[in-house]
Amino acid sequence: MSLSLRSKLLLAVAMALIFSLATQAFIRFYWTLPALELMAGNANKADLLRLQEAFNQQIETLRGISLDNAVWDEMHRAATERDAQWFEETYFLHETFSQLNINGWYFYASDHQLIAGQSIEPPYQVITNPVFSTPGHSITQHFLFNAVDAEEEPLSRWGLVTINEKPAIVVSHAITTGDAMGIIAGTSLIWSYINDKRMSLLSQALQKPIQLTLTPSAQDAPPNTVNAFIPDSFHGDAYEHRLNLLFNDYRNKPFFVLSFDETTYPFDHDIFDITLLIGLLSASLMLYLFYVFIRHQILVPLRKMLNIVAEVMATSDYTKSIELKGYDDIGKLGNHIDRLFKLVKDQRAELIEHNLQLKNMSYTDPLTGIANRRYLDQHLLTLAEAANTSTIPVSMLLIDVDHFKSFNDNYGHSQGDKALIDVATMLKQNTHAATDFVCRMGGEEFLIVLRDTDASDALMVAENLCKRIFNTGISHVMSPYHVLTVSIGISTKPAGIPLHHAELIDQADKALYLAKDSGRNCVESYQSNR
């Protein structure tokens, strides 16, 4: 039986509708949705990496505190002499524990015997901690250092442990002299609960609530859990719309999981919706314009979206946008993709800004606000590698506050901290921020790096600083000058030779000792013939 022309036309329209519908569903299912889901997965992975970075930054902050105190000649002396009174008077203060957000600080000799230690529960309630006060405890032994040469092994260790049935961070550092050389004299050990303040910092970094769940074994972790200690295991797959990051304890066994809700992205996962069907039915009434309509209203925008999504995936340039006009499903999808691009771009910018802030925190002395020893090491490495450094003179000023221990003993550590802040402020105000680098070496010792400054100019700067600090008139009745003073040692690298910063620091240290032998409150320059 032959079909009428009307039937053939109806059949052609029906086939065109079916073909068009199948084509749109195929494109959406195999290209558009996978591309959007891949982007969402990448964003989930970025959230996990950001949480890992925020947690690592807390570890680095504690390690920086431990480093700044353990690599110190005075602590090396106290550990060698087992001077428990010095440790108790210097570190067991309410302000120290509160400002640093730690719950315990312990000091051990090189034979692993406890010299002094204290643990607290807020608000500054001293508690008994058998983990760190019991000789030979298995957890403590994992973090202690032996009396070996400081260059033979890493000087810092950290791990996650259980203390009083709560998860905690433990960071230890070998006690060495200020130059981190010689035989290790003992161990400085800091521990801190993973408390509400630390969880709040993690939540701020991610801008989402974070939940901590203890996980005795890998089988107890939710499916799709990522191990923070295995970078290759990171992926963007969630479980019940939550992302899970597993942390191991100091024995490398599963310990706890940090979990948070995955970000909900504004795109529809359905293949078909009513607007697509209505559009296709309307197209059947305009058969002549069928091809033009499909091409210009659907295929071209989809191709544009796919090309831009592919380009963004290849280049990670989320500043691009599709900029589709119209309010149909294709236009909405394009607008959703544009909003998704903007969301990812804003999150990346926030992550970069946050990482920059965390980096600045790790490079800043928490008491004085100036650069710390870690930043000095980075600055000297950068300066030594600069092409023009060998062609210009470079000077160093090593500054030590005179009779500072007696100042602390007489006025208290609170006034001692204020005096260090005042000294740091005067050093910054009387040097040039564009060329001069001011940092706190540790304790009452500071160092200034003067670029393009020869020995005579360095002497003028040092004498000016010494005079200004003396004229400030900070009362110090235990000093023969009755005011707070400083001694300064100067070393200079002439123009025309490479920068060996370790040698320059050593020369400044020798000059500083000459200044102290000369009665303090004075400046001495290093002379090779001395």
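Residues numbered from 1 in each chain as written. Predicted model: local features only at pLDDT ≥ 70, side-chain atom pairs only at ≥ 80, totals over all residues. Heavy atoms only, no water.

As for the environment of Glu 350
Along the chain, the position of Glu 350 falls in helix 10 (residues 329–362). Residue classification places Glu 350 among the partly exposed residues on the basis of a relative accessible area of 35%. In the structure, Glu 350 is positioned 144 residues away from Leu 206 in sequence and 9.6 Å away in space, judged by C-alpha atoms. Setting aside residues no more than four positions away along its own chain, Glu 350 makes contact with Arg 50 and Gln 207. (Helix = DSSP H or I, 4+ residues; strand = E, 2+ residues; numbered from the N terminus. Buried < 20%, exposed > 50% of the residue type's maximum accessible area, 1.4 Å probe, protein only. Contact = heavy atoms within 4.5 Å.)

Brief notes about the confidence of the model for the protein
Caution is warranted with low-pLDDT regions, since their predicted coordinates should not be read in detail. In this model, the protein carries a mean pLDDT of 86, and residues with pLDDT of at least 70 account for 87%. When the elements of the protein are averaged for pLDDT, helix 8 (residues 274–283) gives the smallest value, 56, and strand 11 (residues 394–401) the largest, 97. (pLDDT = per-residue confidence, 0-100.)

Here we look at the side chain of Glu 524
Take Glu 524: it is sitting in strand 15 (residues 523–525). Residue Glu 524 is classed as buried on the basis of its relative accessible area of 17%. Of note is the side chain of Glu 524, whose polar atom sits 3.3 Å from the side chain of Ser 518. (Polar contact = N/O pair within 3.5 Å; in protein donor to acceptor, adjacent residues only side chain to side chain.)

Concerning the packing of aromatic side chains
In this structure the tally under the stated criterion is 23 aromatic pairs. Each ring, one from Tyr 91 and one from Trp 105, has its centre 4.7 Å from the other, and the planes form 50°; the classification is tilted. Of this pair, Tyr 91 sits in helix 3 (residues 84–91) while Trp 105 sits in strand 1 (residues 104–109), and the two are 14 residues apart along the sequence. Trp 105 carries the same exposure label as Tyr 91, and that label is buried. Geometrically, the ring pair formed by Phe 229 and Phe 247 is edge-to-face, given 6.2 Å between the ring centres and 85° between the ring planes. Note that Phe 229 is positioned in the loop between strand 8 (226–227) and strand 9 (242–248) and Phe 247 in strand 9, a separation of 18 residues in sequence. The rings of Trp 72, Trp 86, Phe 87, Tyr 91, Phe 92, Trp 105 and Phe 107 are connected pair by pair, giving a single aromatic cluster. (Phe/Tyr/Trp six-rings, centres within 6.5 Å; stacked < 30°, edge-to-face > 60°.)

Focus: the sheet that holds strand 8
With respect to topology, four strands assemble into an open sheet ordered 7-10-9-8, the strand pairing being mixed. Edge strands, defined here as strands with exactly one partner in the open sheet, are strand 7 (211–214) and strand 8. Across seven bridges, strand 9 lies against strand 10 (residues 254–261) in antiparallel orientation. For Asn 248, the partnering residue across the bridge sits in strand 10 and is Pro 254. (Pairing = 2+ DSSP bridges.)

Things to note about the packing of helix 12 (residues 404–411) against helix 13 (residues 413–429)
Helix 13 packs onto helix 12 with a crossing angle of 135° between their chain directions and a minimal axis gap of 7 Å. When the axis of helix 12 is compared with that of helix 13, the two are oblique. For the pair helix 12 and helix 13, the contacting residues are Phe 404, Phe 407, Asn 408 and Tyr 411 in the first and His 413, Gln 415, Gly 416, Ala 419 and Leu 420 in the second. Class assignment of the residues belonging to the contact of helix 12 with helix 13 gives a composition of five nonpolar, four polar and no charged. (Axes fitted to C-alpha atoms, helices over the stretch in contact; angles between N-to-C directions. Parallel < 35°, antiparallel > 145°, perpendicular 65-115°, else oblique. Nonpolar A, V, L, I, M, F, W, Y, C, P; charged D, E, K, R; others polar.)

A short note on the sheet that holds strand 11
Spatial strand order, 12-13-11-14-15: five strands in an open sheet with mixed pairing. In this open sheet, the two edge strands, each paired with only one partner strand, are strand 12 (436–442) and strand 15. Averaged over all pairs of adjacent strands, the angle between their axes in this sheet comes to 20°, without regard to strand direction. With seven bridges joining them, strand 11 and strand 13 (residues 445–451) adopt antiparallel strand pairing. Bridge pairing in strand 13 links Leu 397 to Ile 448.

Considerations on the pattern of salt bridges
Throughout the structure, instances matching the rule amount to 20 salt bridges. When the shortest N-O distance is used, the salt bridge between Arg 50 and Asp 47 registers 3.0 Å. One end of the pair, Arg 50, and the other, Asp 47, are both in helix 1 (residues 5–70), three residues apart, so they sit about a helical turn from each other. Each member of the pair Arg 50 and Asp 47 is classed as buried. Asp 249 serves as the salt-bridge partner of Arg 251, at 2.8 Å between the closest nitrogen and oxygen. Look at the salt bridges and you will find they share partners, linking Glu 74, Arg 77, Glu 81 and Asp 83 into a network. (Salt bridge = Lys/Arg side-chain N within 4 Å of Asp/Glu carboxyl O.)

Structural notes on the nonpolar core
Judged by nonpolar contacts, the single largest core of 46 residues is most densely connected at Phe 55, Met 75, Phe 87, Tyr 91, Trp 105 and Leu 258. Looking at this core element by element, the count peaks at eight residues for helix 1. If near-sequence neighbours (up to four positions away) are discounted, Phe 55 is found in contact with Leu 160, Ile 169, Ile 194, Leu 202, Phe 247, Phe 256 and Leu 258. (Core = buried A, V, L, I, M, F, W, Y, C linked by side-chain atoms within 4.5 Å.)

Overview of helix 12
Along helix 12, the residues that are buried comprise Phe 404, Phe 407 and Asn 408. Down the axis of helix 12, the sector holding all buried residues measures 95°, keeping them to one side. On its buried face, helix 12 sits against strand 11 and helix 13. Positive backbone phi, approximately 95°, marks Gly 412, located one or two places after helix 12. (Arc of directions from axis to C-beta.)

Points about unusual backbone geometry
Backbone geometry at Asn 101 places phi at a positive 55°, although glycine is not the residue there. Its location among the elements puts Asn 101 in the loop between helix 4 (94–100) and strand 1.

Topic: the packing of helix 2 (residues 73–81) against helix 3
Remark: helix 2 packs on helix 3, axes separated minimally by 8 Å, with the N-to-C direction vectors making an angle of 140°. Considering their axes alone, helix 2 and helix 3 lie oblique with respect to each other. Of the residues in helix 3, those touching helix 2 at Glu 74, Met 75, Arg 77, Ala 78 and Ala 79 are Trp 86, Phe 87 and Tyr 91. Considered class by class, the residues forming the contact of helix 2 with helix 3 number six nonpolar, no polar and two charged.

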